[in-house]
Each structure stands twice: as C-alpha cells, then as structure tokens.
Amino acid sequence: MAQFLQPKMAKGFALRFIQIIIVFPMAVLLSFYIPPYKSMEYELHFLLWLMVSAAVSVIVTRISPRLTVFSFFTIMGVFFYNSTFPNYTFGDIYSDYNAALVNMTSNPHKVSYFKPVKGTYFQEERVKNAMQPTHPKLRNFAVENSTRYFHDEYYRKYGKLTRYFSLFKHIRLNWKYVNDPINMDYYSPPVESMELLAGDCDDYAILMASSVMAIGGEARIVISESHMYTEVKVGKSKDIDEVSHVVRTLFPDEVNSGKIHFHETNDELWINFDYTARHPGGYFLEPELYSVIAFNK
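Because the structure is predicted, anything quoted here is derived from the model rather than measured.

Draft legend 1. Up close: the environment of Gly-217. Following the sequence through the fold, Gly-217 ends up in the loop between helix H11 (201-214) and strand S4 (219-224). A relative accessible area of 10% means that Gly-217 is categorised as buried. The spatial distance from the C-alpha of Gly-217 to the C-alpha of Val-234 is 8.7 Å, given a sequence separation of 17 residues. Residues within four places of Gly-217 in sequence aside, it is in contact with Tyr-164 and Val-212.

See the structure below:
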C-alpha cells in the first residue's frame, strides 16, 4: 500500500486511468461525426472507432504522457463549454454510447407482411376530410415543434428523421387523453387539437399525420378494431438498422432494451407514432388491421 502511494506509482496509475477513460468519448465522437462507410452497420462502425481510439490513446501515451493529459483536459473543456450551449454534450455522448451498446444486443422487429383484413370506407373518408396538412396555423405548429428537440448536430447527421421524432416527442409528452361524447365518434380538426393537445386516439392520429405531412413527410393512418394511429415513412426496408439506431440514440431511456417495431409495405419502411408507446416504433396495440388510410403525396 505504501509503495502504491509513492508519487511515481500514483502518477502512473492516474495516467493509465486517463488513458482508458478518454477512449469511449473519443470513439463516440468519431462515430458521430464520421458516417459509416456505404452499408456498414452502425455496430461495426462504432466498434472500429472504439479500436482506433484505443490504439490512438496507447500511441499518444507512449509518445508523450503529457499529451494524453492535455487531450483529457481538452475533451473535458469542450464538453464543459458545450454544456452551456446547444452542442454535443455529456448527455449526448451517453445517449449515443447507450444506443450503440443496445443495438448490439437487440434487433428491430419488422412485420414484413402487411395487409389490412377489413374495409371501413366511411371512416376513411371522415379521416381524410379532417386532415389539414396545408393549413397555415398547422404548418406553423409543425415547424415550431419539429425543431423544439434534438439540436442541429443530430439534424446534420440524421436529417429529416430528427424533425419527425421531435414532433412525436412534443405531441406525445403534452397529450392528454379525453373521450368523445357518448354515442358519438368525434374527429377533432388538427387546428383545434394543436391548441388543446387533448382528445382520443383518432384526434391524436389525425394531428400527428397532418403535422408530419406539413413538414414534407409521408404519413398514413392505420385503423384497427378499436384503435387508430399514425405511421410515418422512414425509408426503404434496407434502412431498418439505421433507423433503429436513430430511435435508440434519440430515445435511449424510453427504448431501453426493447425492440423497435416497423411495418414493411412494398419495400417501404413505416414506423408507428402511436401515443400508447413512449418512443417511435413502440409495440402494436392491436396487431390485426382493418384499414390503412393513405394520403396523396
């Protein structure tokens, strides 16, 4: 014990400790700012940068221990500075690192055969008539709340998905469930719902779909036996791992170790924005589908 407390031994221990702890934030930063090569999976992409970071840490330490210490304080200084401004902070590193780890152990769940089993023509027409994606007030609501969460670093990396997921987060976090009048299935116009942020599942679905469409997204509304929810097009079938990674990155605590659920239609990938789940791609409340209401592009 006395030998360990000697200045030389303590200095060596501190240096090794710093050498180890800078590896992970360095790997997350590199994997965040440098996109995967072509179709490389995110898990492999992160592991490669983790190995690169470890090698760099060892080499730098051997060349100049002081440079390792300088690198440590530089990284800490950057994150301290970023914590004051909307840049890449410690919380973002945690989210990205957690998403990378979870992605390695939990795969997304895709329902590849997607076919409605019943028709509900009059209900579909009422939903279509209630939609207001081009209403100026609805457009303003959608634009404002599509930029409310997830700073620009994420937008530069993940693009329009960031905007859709910001809308999902705002509407779901603030929504209050209120039943329709007795013996009446009332469909609230989106400009009414956006002011109240309250209503039942069909009001929520119509507001969500209209909002996503108002910022250039493609949405559809799914009707099941006693439920209605929105699905948003997030890419092609081949993009499933990439989209799953984005969901886990932006909703790490909500997803935790759970699966991301998708529907696949004609090689198009759709993720549900249902209020019954805490994140995009939650479980399907009622797997049996009656109708899918598509809207003109």
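Having seen the model, we can carry on.
Draft legend 2. Representation of the side chain of Glu-264 in the model. Checked against the element boundaries, Glu-264 lands in strand S6 (residues 261-265). The class of Glu-264 is buried, set by a relative accessible area of 15%. Within polar-contact distance, the side chain of Glu-264 engages the side chain of Ser-237 at 2.2 Å.

Draft legend 3. Seen up close, the nonpolar core. Phe-165, Ile-221 and Phe-273 are the most contacted members of the largest nonpolar core, which totals 50 residues. In this structure, Phe-165 is in contact with Phe-150, Val-246, Val-247, Leu-250, Phe-251, Phe-273 and Pro-280, ignoring residues within four places of it in sequence.

Draft legend 4. Local environment of the pattern of salt bridges. What the rule picks out here adds up to six salt bridges. Taking the shortest distance from any N to any O, the salt bridge between Arg-148 and Glu-144 comes out at 3.2 Å. Its relative accessible area of 41% is what places Arg-148 among the partly exposed residues. The class for Glu-144 is partly exposed, based on a relative accessible area of 48%. Within this structure, Glu-218, Lys-233 and Glu-268 form a network of salt bridges that share partners.

Draft legend 5. Region of interest: the pairing of strand S5 (residues 228-236). With respect to burial, S5 is a largely interior element, eight of its nine residues being buried. Counted along the chain from S4 to the antiparallel partner S5, the turn is three residues long. Relative to strand S7 (residues 268-272), S5 runs antiparallel, the two being bridged by five bridges. Looking across to S7, one finds that Lys-236 is bridged to Glu-268.

Draft legend 6. Quick look at the packing of aromatic side chains. Per the counting criterion, the structure on display carries 11 aromatic pairs. Relative to Tyr-158, the ring of Tyr-154 has its centre 6.0 Å away and its plane inclined at 15°; by these criteria the two rings are stacked. Highlighted residues: Tyr-154 and Tyr-158, both in helix H8 (residues 152-158), separated by four residues, approximately one helical turn. Accessibility classification places Tyr-154 together with Tyr-158 in one group, the buried group. Among the aromatic residues, those joined into a cluster by ring pairs are Tyr-149, Phe-150, Phe-165, Phe-168, Phe-251 and Phe-273. In this structure, Arg-126 is placed above the aromatic ring of Tyr-187, and the distance from its NZ or CZ to the ring centre is 4.1 Å. Here the guanidinium or amino end of Arg-163 rests over the ring plane of Tyr-155, the centre of that ring lying 3.9 Å away.

Draft legend 7. Geometry of helix H7 (residues 136-146). When H7 is considered as a whole, its buried residues turn out to be Leu-138, Phe-141, Ala-142, Asn-145 and Ser-146. On an axial view of H7, the arc spanned by its buried residues comes to 115°, and they lie on one face. Turned more than 90 degrees off the buried face of H7, the exposed positions are Pro-136, Lys-137 and Asn-140. For H7, the elements touching its buried residues are helix H9 (160-174), helix H10 (190-196) and H11.

Draft legend 8. A look at the UniProt feature "transmembrane region" (unreviewed entry) in the protein chain. When the UniProt feature table is mapped to this numbering, "transmembrane region" (unreviewed entry) covers residues 12-34 and 46-63. Between the first and last C-alpha atoms of residues 46-63 the distance is 26 Å; the span itself is 100% helix and 0% strand.

Draft legend 9. Structural view of the packing of H9 against helix H12 (residues 240-250). One way to put it is that H9 packs onto H12 with a least axis distance of 11 Å and a crossing angle of 50°. Considered as vectors, H9 and H12 are oriented oblique to each other. The crossing of H9 and H12 is right-handed. Each of Leu-161, Thr-162 and Phe-165 in H9 lies in contact with H12, whose residues at this interface are Val-243, Val-246, Val-247 and Leu-250. Considering only residue class, the contact of H9 with H12 consists of six nonpolar, one polar and no charged.

Reading guide: rules and limits
Residues numbered from 1 in each chain as written. Predicted model: local features only at pLDDT ≥ 70, side-chain atom pairs only at ≥ 80, totals over all residues. Heavy atoms only, no water. Helix = DSSP H or I, 4+ residues; strand = E, 2+ residues; numbered from the N terminus. Buried < 20%, exposed > 50% of the residue type's maximum accessible area, 1.4 Å probe, protein only. Contact = heavy atoms within 4.5 Å. Polar contact = N/O pair within 3.5 Å; in protein donor to acceptor, adjacent residues only side chain to side chain. Core = buried A, V, L, I, M, F, W, Y, C linked by side-chain atoms within 4.5 Å. Salt bridge = Lys/Arg side-chain N within 4 Å of Asp/Glu carboxyl O. Pairing = 2+ DSSP bridges. Phe/Tyr/Trp six-rings, centres within 6.5 Å; stacked < 30°, edge-to-face > 60°. Lys NZ or Arg CZ within 6 Å of the ring centre and 35° of its normal. Arc of directions from axis to C-beta. UniProt positions renumbered as here; feature names shortened; annotations may be inferred. Axes fitted to C-alpha atoms, helices over the stretch in contact; angles between N-to-C directions. Parallel < 35°, antiparallel > 145°, perpendicular 65-115°, else oblique. Left-handed = near helix turned anticlockwise from the far one by under 90°. Nonpolar A, V, L, I, M, F, W, Y, C, P; charged D, E, K, R; others polar.

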